[in-house]
Amino acid sequence: MRIASLLLALLMLMSGAALAAAEIPPAEIFQAPKQIVVSFAGDCTLGCTPLSREHEENNFEALVEKNGLEYPFAKVREIFEQDDLTIVNLESTFYDSENNRAQKTYTFRAPTHYADILTLGSVEAVSIGNNHALDYGRAGQESTIQALEARKIGWFGTNEYASKTFIYEKDGVKIGFVAAYISYWWSKGAVDVIKADFAELEEADCDLIVACIHGGVEYDLRHDTNQEKMADRFIKYGADIIIGHHPHTIQGLRVQDGISTLWSLGNFSFGGNTEVRTMNTFIAQFTFSFDDENQYLGHQLNIIPCHVSGTEEENNFQPYPVTGKDADAVIKAIQYDVKRLKLKPYVEGVGAIQEFVPAPGKK
């Protein structure tokens with residue numbers, strides 16, 4: 001099965017330790033006729049602010065120019081190459097002009113050819129349903145979309161100037177994706193647009209729908225009620241899995257009625273700050289299971305602990321998998337925001353594989 005090869009790759013990548021030597025056995029891997037492995041990572045700002053570009057010697061673009069476009073994802077690419085699909089939250093624009101800059105403190109931009117970072121890192125799709133998609137206005141967003149589409153990188157997200165879903169298909173199984181920023185969701189008329197996104201995926205006969213929500217308080221270690229309200233509403237609209245972004249730090253998860261909600265994946269390759277506010281991040285790798293008739297059976301989550309940077313003193317924008325006490329600390333940080341559920345521990349070289357969660361009605 002593909003999941004077995006993934007575990008083997010992680011073993012080789014992260015520690016080389018034999019599975020039999022691990023003190024804590026991994027959770028049992030659920031087997032199904034059809035399985036699709038999707039990796040999700042957090043906020044990726046593949047550019048920098050005008051101030052950083054002008055005054056900070058080791059800003060994101062400076063390090064990329066020095067080390068090449070493959071640099072940001074070099075230490076996680078092997079993980080991403082082994083899955084079926086990798087998705088990150090793209091919180092920057094690909095735009096070759098300084099015009100149309102939004103009047104706000106932080107605006108993130110990189111040249112259009114920086115979209116190659118995603119391809120070189122084996123990232124196949126991105127969410128743009130966030131508060132930085134319009135940092136350079138409608139023109140900046142259109143340039144970003146053109147750069148993504150030219151490289152056949154899938155994108156999805158809904159805001160004032162764009163509304164698009166994304167469908168991934170393998171072996172006859174269709175997984176649909178939607179995304180939105182919480183402030184847009186609250187704006188007039190947005191609910192109808194987002195409902196239409198979900199309806200579009202249902203009409204396309206998607207067997208599973210994943211919704212990315214962008215909300216919460218920045219650098220808060222626990223999610224808030226507004227994140228819960230948004231997640232619950234999207235579940236009501238038809239979401240089977242919720243993936244959260246925006247707080248820039250990792251938060252916990254909720255498993256309820258066969259649906260898993262991850263409140264925040266934190267930063268990943270985050271070019272927005274040269275300062276490291278928190279090292280902890282993780283790759284949320286889901287194995288989605290289906291029967292021969294493409295009926296969704298449930299999912300299993302592997303938490304792959306990572307750090308956002310190779311140095312704490314200054315962000316080098318290159319996330320990498322961690323082991324030992326560092327990995328345990330990531331799991332502990334996630335557990336801090338989890339109620340009524342004890343997370344399965346990290347197993348060296350494998351990850352923290354959680355219990356299989358049956359689809360609603362499949363218990």
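In this report, we go over the structure that sits alongside the text. (Residues numbered from 1 in each chain as written. Predicted model: local features only at pLDDT ≥ 70, side-chain atom pairs only at ≥ 80, totals over all residues. Heavy atoms only, no water.)

**Section: the nonpolar core**
(1) Moving on: By size, the foremost hydrophobic cluster in this structure holds 40 residues, and its most contacted members are F40, F177 and F288.
(2) Moving on: Top element by residues in this core is strand β15 (residues 280–290). It accounts for 5 residues.
(3) Moving on: Leave out the neighbours within four places in its chain, and F177 touches F40, L85, I87, F156, T165, F166, Y168, L201 and V210.
(4) Moving on: Counting residues in each nonpolar core, the second largest holds 36 residues, with A41, F60, V76 and F268 among its members. (Core = buried A, V, L, I, M, F, W, Y, C linked by side-chain atoms within 4.5 Å. Buried < 20%, exposed > 50% of the residue type's maximum accessible area, 1.4 Å probe, protein only. Helix = DSSP H or I, 4+ residues; strand = E, 2+ residues; numbered from the N terminus. Contact = heavy atoms within 4.5 Å.)

**Details of the pairing of strand β12 (residues 253–256)**
(1) Moving on: Looking at chain direction, β12 and strand β13 (residues 259–262) are connected through 4 bridges and run antiparallel. Paired with R254 across the two strands is T261, which belongs to β13.
(2) Moving on: Turn length for the β12-β13 hairpin, with the two strands adjacent in sequence and antiparallel, is 2 residues, and the turn residue D257 shows positive phi of about 55°. (Pairing = 2+ DSSP bridges.)

**Notes on the state of the cysteines**
(1) Moving on: Throughout the structure, instances matching the rule amount to 0 disulfides.
(2) Moving on: No disulfide involves C48; its nearest neighbouring cysteine sulfur is the one of C44, lying 15 Å away.
(3) Moving on: According to the relative accessible area criterion, C48 is buried, its value standing at 0%.
(4) Moving on: With no disulfide partner, C206 has as its closest neighbouring cysteine sulfur the one in C212, 14 Å distant. (Disulfide = S-S within 2.5 Å.)

**Things to note about a negative patch on the surface**
(1) Moving on: A cluster of acidic side chains, namely E56, E57, E312, E313, E314, D326, D328 and E348, defines a negative patch on the protein surface.
(2) Moving on: With respect to the secondary-structure elements, D326 resides in helix α10 (residues 324–335). (Patch = residues over 30% accessible without salt bridge, like charges linked within 9 Å, V, L, I, M, F, W, Y side chains within 5 Å. Areas by Shrake-Rupley, 256 points an atom, 1.4 Å probe, with all protein chains shown as cover. Salt bridge = Lys/Arg side-chain N within 4 Å of Asp/Glu carboxyl O. Lys, Arg positive; Asp, Glu negative; His and termini not counted. Charge placed at Lys NZ, Arg CZ, Asp CG, Glu CD.)

**Quick word on unusual backbone geometry**
(1) Moving on: Even without glycine at this site, D171 takes up a positive phi of about 55°.
(2) Moving on: Inspection of the secondary structure puts D171 in the loop between β8 (166–170) and β9 (173–181).
(3) Moving on: If you check the backbone angles, N294 has positive phi at about 70° while not being a glycine.
(4) Moving on: Structurally, N294 can be placed in the loop between β15 and β16 (296–307).
(5) Moving on: For N294, a relative accessible area of 15% corresponds to the buried category.

**Here we look at α10**
(1) Moving on: Taking 1.5 Å per residue as the helical rise, α10 with its 12 residues ought to reach 16 Å, and the 17 Å between its terminal C-alpha atoms agrees with that figure.
(2) Moving on: Within the sequence span of α10, burial applies to A327, V330, I331, I334 and Q335. Around the axis of α10, the buried residues are gathered within 140° of arc, so they sit on the same side. Away from its buried face, by an angle of more than 90 degrees, α10 presents the exposed residues K325 and K332. (Expected span 1.5 Å × (residues − 1). Arc of directions from axis to C-beta.)

**Let's talk about the pairing of β16**
(1) Moving on: Most of β16 sits inside the fold, with 12 of its 12 residues counted as buried.
(2) Moving on: Taken together, the 11 bridges between β15 and β16 define a ladder with antiparallel strand orientation. Counterpart to N280 in the pairing with β16 is H307.
(3) Moving on: Between β15 and the antiparallel strand that follows it, β16, lie 5 residues; N294 among them carries a positive phi value of about 70°.
(4) Moving on: Sheet topology note: the β16/strand β19 (residues 357–358) ladder contains 2 bridges and is antiparallel. When the sheet's bridge partners are listed, G298 is paired in β19 with P358.
(5) Moving on: Inspection of the sheet shows β16 paired to strand β18 (residues 352–353) by 2 bridges, in the antiparallel sense. Within β18, the residue paired with N302 across the bridge is I353.

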